[in-house]
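The primary structure of each chain is shown beneath.
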Amino acid sequence: MMIRGTGGRWLLLTALGASAVLVPGCANSVDSTELPGTYRNDAAGSEIRIGSDGTFSATDVSADFTSGSADFSGRWEFVDSDSSSDFIYLTVDDGGLGDTGGVQLYPRGRGTLEFRTPDEPPPLVLTKVAAP
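Below or above, wherever it landed, is the structure these notes cover.

Reading guide: rules and limits
- Residues numbered from 1 in each chain as written.
- Predicted model: local features only at pLDDT ≥ 70, side-chain atom pairs only at ≥ 80, totals over all residues.
- Heavy atoms only, no water.
- Salt bridge = Lys/Arg side-chain N within 4 Å of Asp/Glu carboxyl O.
- Buried < 20%, exposed > 50% of the residue type's maximum accessible area, 1.4 Å probe, protein only.
- Core = buried A, V, L, I, M, F, W, Y, C linked by side-chain atoms within 4.5 Å.
- Helix = DSSP H or I, 4+ residues; strand = E, 2+ residues; numbered from the N terminus.
- Phe/Tyr/Trp six-rings, centres within 6.5 Å; stacked < 30°, edge-to-face > 60°.
- Pairing = 2+ DSSP bridges.

1. Some details on the pattern of salt bridges
Phase 1 of the analysis: For the structure shown, the criterion picks out 3 salt bridges.
Phase 2 of the analysis: A salt bridge links Arg49 to Glu47; the nearest nitrogen and oxygen atoms lie 2.7 Å apart.
Phase 3 of the analysis: Residue Arg49 is classed as partly exposed on the basis of its relative accessible area of 43%.
Phase 4 of the analysis: Residues Arg108 and Glu114 are paired through a salt bridge, measuring 3.3 Å at the closest nitrogen-oxygen approach.

Here is the structure:
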């Protein structure tokens, strides 16, 4: 894991931890079989790879663009929620984000994932890229 910037670790952990709060709203219909792939935000230099084998890796991910970035990995599962928006739960490997054990990503339309915190615009939006 790489953290860049002074105080960045706390800000990143706070932002990612806050994304674990369920966000109510209108749920998009998501086909979980279409989720695996590589998602990027070129402006932030962030990338998340969602594997068809249930694993993921994240590179240079920053939830608010000011707290530095982190690399982490683990396992993912799609949660089809009846009471809130559907989401992808990322279970982070031990030590990947300090005390943060998991993060939620919200699919928005075809090929877009976002970190979300309650009542805030998404701090990081990632778009699926074509396979090489």
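Anyway, onward from the coordinates.
2. Here's the deal with the nonpolar core
General note: in soluble globular proteins, nonpolar side chains tend to be found buried as a group.
Phase 1 of the analysis: Core analysis: the largest hydrophobic core is formed by 20 residues, its most contacted members being Ile48, Ile50, Phe56, Trp76, Ile88, Leu90 and Phe115.
Phase 2 of the analysis: Listed by contribution, the elements that provide at least two residues to this core are strand E2 (46-50), strand E3 (55-61), strand E4 (70-79), strand E5 (87-92), strand E6 (102-107), strand E7 (112-115) and strand E8 (124-129).

3. Brief notes about the packing of aromatic side chains
Phase 1 of the analysis: Counted by the stated rule, this structure contains 2 aromatic pairs.
Phase 2 of the analysis: Between the aromatic rings of Phe56 and Phe72, the centroid separation amounts to 6.0 Å while the plane-to-plane angle is 70 degrees, which identifies the pairing as edge-to-face. Placement of the pair is Phe56 in strand E3 and Phe72 in strand E4, with a sequence separation of 16 residues. Accessibility classification places Phe56 together with Phe72 in one group, the buried group.

4. Comments concerning the pairing of E2
Phase 1 of the analysis: Among the 5 residues in E2, 4 count as buried, and that is most of the element.
Phase 2 of the analysis: Here 5 bridges tie strand E1 (residues 37-41) to E2, and the two strands are oriented antiparallel to one another. Residue pairing across strands places Tyr39 opposite Ile48, the latter belonging to E2.
Phase 3 of the analysis: The turn linking E1 back onto E2 is made up of 4 residues, and Gly45 within it adopts a positive phi angle of 75 degrees.
Phase 4 of the analysis: Where E2 meets E3, 4 bridges bridge the pair, whose relative direction is antiparallel. Pairing of Arg49 across the sheet is with Ser57, part of E3.
Phase 5 of the analysis: Where E2 hands over to E3, the hairpin turn is made up of 4 residues, of which Gly54 adopts a positive phi near 90 degrees.

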